[in-house]
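# Observations on the three-dimensional arrangement
Here are the chains, one letter per residue:
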Amino acid sequence: MFGFLKAGFLKKLSPFRKLKPGQEPPGPEKIFAEKWEADFSKPNRIRFDIKSETSYDANLQDNALVLGLKKTNAIAWAEAPGYPYLDQVIDARFRLDPRGGYAAAGFLFRMADEGTYYTVLVSSRGYFRLEVLRNGMPFPLIGWTELPEATPPESPAAHNRAAGAWRRRAAQEPPCPDPAEGGTRLKIIAYGSHILLAINGSWAAELHDPSIASGELCFALASYEAKTPEPPGTAGEKDPYRAVAFLDALSVESRIAEVAACYEKWHEGPGIAPQSRFRLAETFAAMGQPVPALVQLNKAWEEEHPDYRRSSRELLLAGRLALALERPGEAEAYINACLLEAPESPEAREAAVEKAKILYAAGRFEELKNYGEAAATPRPQDAVLAAFLGHAYWNLKDYEKAAAAYDRAFELDGENGLLAKNAANVYEVLGRKEEALERYLRGGRAFLRDDNYEDLGGLMPKLLSLGAAHWEARGLAGKWAFGIENWAMAAEEFALAERQRKKLHPRPPPDPALVFLRGLLLLREGKRREAQKLLDRAALLAPDYALFRFKAAENRFLLENNPHDPRLARDLGAALDLSPEDGWVRNFAAQIALEQGNLDEAAGHLEKALSVLGDVPAIRVNRGVLAYLQGFPDQALELLAAPKEEDPGGILANCAANLLVRGGRYEEADEGYQKALAIAPDNAEYLYNRASCLIELGRYGEADTILARAHSLDPSPAILELISYVASKKGEYARAESACRAALETDSRHAPSLLSLGWIYNAQGRWEELKGVMARLDTLELSPGLLPRREELRRRLEEALTRHIACASCERSWKVPRDIPPAPPIRLFAMPPDHLPGGTCVSCGKTYCIGCAKEHLDPEGRFICPQCGKSLKLIDEGLKKLLYDWASAAIPKVDPQFKR
């Protein structure tokens, strides 16, 4: 399974209900019951409306109906108007040429009007889907599902095509691919409310949907992604099409008796592959439909298939589905069977956790304890199992073991603060308050690293009770208060933490972040000189942290107004070195350069800063621009601080707020945006700017509300992308993805939305979809500010899909895919070069390159491990593939014209 674009959101390029000359539209009672076969050799016998538009072409070519789509992210269709069907069997054979991109072809059937029909599409990537459009709204019935394994066609039709015919029509018609390439055989059976699909002779899916009773038929083509553009100057004509589909054969049987017989044959037939039912079950499960998913699994298991047995993957899915349906007994039976089927499989590892969940939910704590203890031996690194074992001990009041289990779980997963919190609760019950406080602190630090202020806030009563005299507990409480913008509490807790730290002997070193935040609180109060001491101290404690160096330099300049201060130059230079892509640092560096009269240097810094932060046109077109370029930012703000009568549109107030944002003065900027919105409350740009400011302040809930209003006033890709960012910060990945997709529907080349979508996929481990996003990003010319984000995303993807294997003796290493099929057999007739892998020791598992391995040979000249003396073998499939690729390249190529 993978993500997909809903056809209902694609651009619809085909006009609707264009009847042929002299043809009258049928009345609502006229339903055709017939056996009809299309004859694509005769235009007057095919019923389809054949024509071309600016965005697509439809024509007859070599006994086929051909659709050529010229746009990406669009769907077009050729209609057969005037022939509505009720029950029907659609038999078709078609071919799809995605032109190197991503496309799908199929049919719209039971089309009642332009906003009401069913869609069946088969994609160029080997997947199919079924959806219904009701009143213009798409509802997926079957999401993208892998095609069933094909059965051989009974007698593939031969297509006689004159050689070179496509060349004569190259300017008007898309060329046909070779018929030998085959195609897709699609059967759609619509019988009452039952819809059954068979693809390439195999049952693919079946469901019940009463949405639409009857309607007309259309051949459809959708294009989702285009291939990467050819480099400039590439030889050959430019292809006008993003995708082309060829309908080679089509028949419709709409006589009720024949349709019923066909349905019964496929519905009850013994040839339904259980793998097809499992694929469909996975799709239903991913769509949040556990009932039909479990039905398909049970049907797969009930049918007789001598060469088939339930897999651990199926059993695990069945267990999860039964749990979702609140049938714990059935779920447990499936999970137990999964654990017995393949105890060492990845599915069994997941099933072990599901088993623990079942026992815990049922309150069977003694069984959970026994199970957890037994599972700890084969799976000692599983933090979730360790946590459930802790739950069992806790509920059985075996607190010593519960504490140890929770400690072990947090040791395995140090980013899960709840595990440390659970351990702390147990130690508190045991009366071991110091150990409890230490666990509360560990959990709180984990919550803070995750910006999880809600759970961190839940720890505050315990931290302030057990850690009333503990400086780190007070400091953590202050950081929480700062994060939720409770400035008074933050100041109080920071002060208490510092006093308590100074009482200790020996005195522990100060926390640089705590020192820095105390300085920021003083800045909010306008106490710059007092703040400077703290900012300097934070920079001294953490000299490699760019933010500390930057704020020390910025405040020193605002305090002393001395651009030649060597301390300022030292901190600013360090900040630039540590964070050269930081727009705020660049903007401040430009200010300092202007003050020093280094206009060229300032221009360079400004160019970089604007590319990162975004261009603010008002700064350049108003009088504030001149003041800024002359090095007088305060005067620029004064010029923009105009009364309402002089600023009827609010543009000056908005520009002033933008200048404050560029200077990092977010609270003041927010006041400026509110002033602008008081003048023009429905200005989407001002709403967007204020929401951006609130995001910088960490006030995500408010930003979300404002962005929703901006989107309702003037939808744009930028607003949707920012909505996605806020949703991601709140952990609402489904909503974040939906916002990105909506943005890309509006502008498929909107790079920030593609990047945000990529990071959403990265966070969820959806690597195949992330590869698709990267392919689209690589077709775009990104601004310098976006390039690092793309490359970081590429690095994350590479880390997820590849692994490094190093030679144990030297510095050579090889990068191979994590999941790779077995390499073909290798026969070597010459010694490969030294840099290739020589093999892995079957005893110690160390790998050596050929250069190192050939220094240690057995009497027969074979590589052996220099430590164990055991033979080296090529075990890893990735290493085998490296040698196979070398061997394939080393074999001399035979000239095809050479004859003996």
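Details of the structure are given in the entry above.
Everything in this summary refers to the structure shown in the same document. (Residues numbered from 1 in each chain as written. Predicted model: local features only at pLDDT ≥ 70, side-chain atom pairs only at ≥ 80, totals over all residues. Heavy atoms only, no water.)

Geometry of a packed helix pair, given as the angle between the helix axes and the separation of the axes. Close contact between helix 9 (residues 383-395) and helix 10 (residues 399-412) brings their axes to 8 Å; oriented N to C, the two are set at 165 degrees. Taken together, the axis directions place helix 9 and helix 10 in an arrangement best described as roughly antiparallel. Crossing geometry of helix 9 relative to helix 10 is assigned as left-handed. Contact residues: helix 9 offers Ala383, Ala386, Ala387, Leu389, Gly390, His391, Tyr393 and Trp394, while helix 10 offers Tyr399, Lys401, Ala402, Ala405, Tyr406, Arg408, Ala409 and Leu412. Considering only residue class, the contact of helix 9 with helix 10 consists of twelve nonpolar, two polar and two charged. (Axes fitted to C-alpha atoms, helices over the stretch in contact; angles between N-to-C directions. Helix = DSSP H or I, 4+ residues; strand = E, 2+ residues; numbered from the N terminus. Parallel < 35°, antiparallel > 145°, perpendicular 65-115°, else oblique. Left-handed = near helix turned anticlockwise from the far one by under 90°. Contact = heavy atoms within 4.5 Å. Nonpolar A, V, L, I, M, F, W, Y, C, P; charged D, E, K, R; others polar.)

With that settled, the discussion passes to the environment of Ala727. Counting through the fold element by element, Ala727 comes out in helix 29 (residues 717-729). Here the alpha-carbon distance between Ala727 and Glu737, two residues ten residues apart in the chain, equals 8.8 Å. Every residue in contact with Ala727, bar those within four places of it in the chain, is listed here: Glu732, Arg735 and Ala736.

Moving on to unusual backbone geometry. Cis geometry is found at the peptide bond from His505 to Pro506, where omega equals -5 degrees. Examined against the element boundaries, Pro506 turns out to sit in the loop between helix 15 (487-503) and helix 16 (512-524). We note that Asn135 has phi near 55 degrees; this positive angle belongs to a residue other than glycine. With respect to the helices and strands, the residue Asn135 is situated in the loop between strand 9 (127-134) and strand 10 (137-146). Of note in the backbone geometry, Asp451 takes a positive phi value of approximately 55 degrees without being a glycine. Given a relative accessible area of 46%, Asp451 falls into the partly exposed group. (Buried < 20%, exposed > 50% of the residue type's maximum accessible area, 1.4 Å probe, protein only.)

Time to look at the pairing of strand 15 (residues 243-253). Each regular strand displays side chains that alternate between the two surfaces of the sheet. Where burial is concerned, most of strand 15 is hidden: ten out of the eleven residues are buried. Sheet analysis places strand 2 (residues 35-37) next to strand 15, joined by three bridges and oriented antiparallel. In the sheet register, Trp36 faces strand 15, and the bridge partner there is Val252. In this structure, strand 4 (residues 65-69) lies alongside strand 15, joined through five bridges in antiparallel fashion. When the bridges of strand 15 are listed, Gly68 appears paired with Val244. Bridge count between strand 6 (residues 88-97) and strand 15: nine bridges; the pairing is antiparallel. Across the sheet, the residue bridging to Arg95 is Phe246, located in strand 15. (Pairing = 2+ DSSP bridges.)

Pairing of side chains with opposite charge becomes possible as their charged atoms draw close. Inspection of every chain in the model, using the stated rule, returns 68 salt bridges. Note that Glu554 is salt-bridged to Lys551, the shortest N-O span being 2.8 Å. Placement of both Glu554 and Lys551 in helix 18 (residues 546-560) is noted, with a separation of three residues, approximately one turn of the helix. Looking at Lys551, the relative accessible area reads 14%, which means it is buried. Here the salt bridges do not stand alone but share partners, grouping Glu485, Asp670, Arg690, Arg699 and Glu702 into one network. (Salt bridge = Lys/Arg side-chain N within 4 Å of Asp/Glu carboxyl O.)

Further remarks concern helix 9. Helix length check: helix 9 (13 residues) gives 19 Å between terminal C-alpha atoms against 18 Å at 1.5 Å per residue, within 8%. For helix 9, a buried count of ten out of 13 residues is recorded, marking the element as mostly surrounded by other parts of the structure. Among the residues making up helix 9, those that are buried are Ala383, Leu385, Ala386, Ala387, Phe388, Leu389, Gly390, His391, Ala392 and Tyr393. Looking at the buried side of helix 9, the elements it contacts are helix 7 (346-361), helix 8 (365-376), helix 10 and helix 11 (417-429). The residue sitting at the N-terminus of helix 9 and contributing the capping side-chain oxygen is Asp382; that oxygen lies 3.0 Å from the backbone nitrogen of Val384. Just downstream of helix 9 lies Lys397, where phi reads positive at about 65 degrees. (Expected span 1.5 Å × (residues − 1). Polar contact = N/O pair within 3.5 Å; in protein donor to acceptor, adjacent residues only side chain to side chain.)

Right, let's talk about the packing of helix 27 (residues 684-696) against helix 29 for a bit. Two elements in contact, helix 27 and helix 29, have axes whose closest approach is 11 Å; the angle formed by their N-to-C orientations is 25 degrees. Classed by the angle they form, the pair helix 27 and helix 29 counts as roughly parallel. Considering the relative orientation of helix 27 and helix 29, their crossing is left-handed. Where helix 27 abuts helix 29, its residues Ala684, Tyr688, Ser692 and Ile695 lie against Ala718, Ile719, Leu722, Tyr725 and Val726. Here the residues of the contact of helix 27 with helix 29 are counted per class, giving eight nonpolar, one polar and no charged.

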